[in-house]
Amino acid sequence: MKIFCNGVDIGGANIKVYRGSNGKAEIHYFPMWLERENLENFLRDLNLKGKTGVVITAELADSFTSKEEGIRYIASISERVFGDVFFIDLDGNLKKKIDDPLNFSASNWIASVKSLTENFSSFIFADMGSTTTDIIPVLNRKIMAGKTDFERLRNKELLYFGMLRTPSFFLMNENVSSEFFSITADVMRILGVIDERAYTCDTPDGRGKGVEECYQRFARQFCADRKELGDEFLKEKALEIKNEMVRRISEAFIEKRRKFGIDLVVGCGIGEVVLEKSAEIAEMEYVSLREEFGDISDIFPAYAIARLVERYDRC
């Protein structure tokens, strides 16, 4: 279904856009902790026309002294740039103005779930992006997850690792360097899961994103050179990291199934390959939003808020 409204997901590392004029999905690397002063110009340069829904997760960037400051800053710029703009709060309400900033904090998953409940009743919504993984249980169209990031972290509804930006050592179960030498994007390049175009974030050392550089960075995690360790060893260790991601996610799926009796996972994001394998390990049914929506899976919250705005206030 063609959606003519726009959707923008303003995250801490990426700004994701659903462009209603042509139905295209866009991901723009935008490190808020470095670029906050350029946000208004960046959003203007998107040149979006018409009603626009905005979801915000960038308030956690440490360029803001508090989440409230971040929400107010981003919302005020969005209002100036887009004009006819809608936000969604953590209760699922669309609003033209931010009344309680903390009730709009980390709201992108709310848009996704609210949109999906039109077609699914009880399911686990899973979204794996560059940095984090959302795991949201929905029972009879009622969201069973905590509202805040803090609550969701404690409930394993927010797993703080993703396909690109996670430091490799965070997912390694052995004594390795804790220096910021390599990230999961390097691991995924070594394994051939992503190509260079999909490596959309900065590299830890500022060098290239080719497989050669990825091997070099990953070897440093073991305080060694690539030649010293050999590619087979590094590939084996890279696979262990991917498998650890699958293990942690599948355990979270199983925990939610045990608690709520849900055996369906609806997945999206650039990490769908990991989500699908996790559902398989957990012996749960998996519905891929990539199969239905293509690249929109990668920016699904942006698409979802556009869809909700369109239904709420016809463009």
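Whatever comes next refers back to the structure up there.
Bear in mind that the values here come from a model prediction, so they are computed numbers and not experimental data. (Residues numbered from 1 in each chain as written. Predicted model: local features only at pLDDT ≥ 70, side-chain atom pairs only at ≥ 80, totals over all residues. Heavy atoms only, no water.)

Novice: It is not clear to me how the state of the cysteines should be interpreted in this structure. Could you clarify?
Specialist: What is meant by a disulfide is a covalent connection between two cysteines, made through their sulfur atoms. This model, assessed by the stated rule, comprises zero disulfides. The structure places no disulfide on C201, whose sulfur is separated from the nearest cysteine sulfur, that of C214, by 9.9 Å. Summary of cysteine pairing: C268 is not part of a disulfide, and the nearest cysteine sulfur, belonging to C201, is at 19 Å. (Disulfide = S-S within 2.5 Å.)

Novice: What is the right way to read the sheet that holds strand β6 (residues 94-95) from this model?
Specialist: Across a sheet, paired strands are connected by hydrogen bonds in the backbone, their directions being either parallel or antiparallel. The strand order across the open sheet formed by six strands is β3-β2-β1-β4-β5-β6, and the pairing between neighbours is mixed. Pairing within the sheet leaves two strands with one partner each, and these edge strands are β3 (24-29) and β6. As judged from the two bridges shared by strand β5 (residues 85-88) and β6, these two strands associate in the antiparallel manner. When the bridges of β6 are listed, I88 appears paired with L94. Here helix α4 (residues 108-116) sits on the sheet in contact with β1 (6-10), β4 (52-56) and β5, set at roughly 90° to β5. (Pairing = 2+ DSSP bridges. Helix = DSSP H or I, 4+ residues; strand = E, 2+ residues; numbered from the N terminus. Contact = heavy atoms within 4.5 Å. Axes fitted to C-alpha atoms, helices over the stretch in contact; angles between N-to-C directions.)

Novice: Would you take a moment to explain the pattern of salt bridges for this structure?
Specialist: Note on pairing: side chains with opposite charge can pair once their charged atoms come close. Evaluation of the coordinates by the stated rule reveals 33 salt bridges. Between E118 and R311 there is a salt bridge, with its nearest N and O atoms 2.8 Å apart. One end of the pair, E118, is in the loop between α4 and β7 (123-128); the other, R311, is in helix α12 (residues 300-312), and 193 residues separate them in sequence. Exposure remark for E118: the relative accessible area of 31% places this residue in the partly exposed category. What makes R311 partly exposed here is its relative accessible area of 38%. Between D295 and R290 there is a salt bridge whose closest N-O contact spans 3.9 Å. Residue classification places D295 among the exposed residues on the basis of a relative accessible area of 55%. The exposure class of R290 is partly exposed, given its relative accessible area of 29%. The structure contains a network of salt bridges with shared partners spanning E244, R247, R248 and E251. (Salt bridge = Lys/Arg side-chain N within 4 Å of Asp/Glu carboxyl O. Buried < 20%, exposed > 50% of the residue type's maximum accessible area, 1.4 Å probe, protein only.)

Novice: For this particular structure, what's the right way to read the packing of aromatic side chains?
Specialist: Ring pairs (aromatic) are described by centroid distance and by the angle formed between their planes. Going through the model one piece at a time under the given rule, you end up with ten aromatic pairs. Centroid distance F293 to Y303: 5.2 Å. Interplanar angle 55°. Geometry classified as tilted. One end of the pair, F293, is in helix α11 (residues 289-293); the other, Y303, is in helix α12, and ten residues separate them in sequence. Positioned above the aromatic ring of Y73, the side-chain terminus of R36 is 4.2 Å from the ring centre. (Phe/Tyr/Trp six-rings, centres within 6.5 Å; stacked < 30°, edge-to-face > 60°. Lys NZ or Arg CZ within 6 Å of the ring centre and 35° of its normal.)

Novice: I keep staring at the side chain of T131 and nothing clicks. Help me out?
Specialist: Mapping T131 onto the fold places it in the loop between β7 and β8 (133-139). Assessed through its relative accessible area of 16%, T131 is described here as buried.

Novice: Got a minute to help me understand the environment of R258 in this structure?
Specialist: For R258, the location among the structural elements is in helix α9 (residues 231-260). The exposed category is assigned to R258, whose relative accessible area is 66%. Here the alpha-carbon distance between R258 and T57, two residues 201 residues apart in the chain, equals 29 Å.

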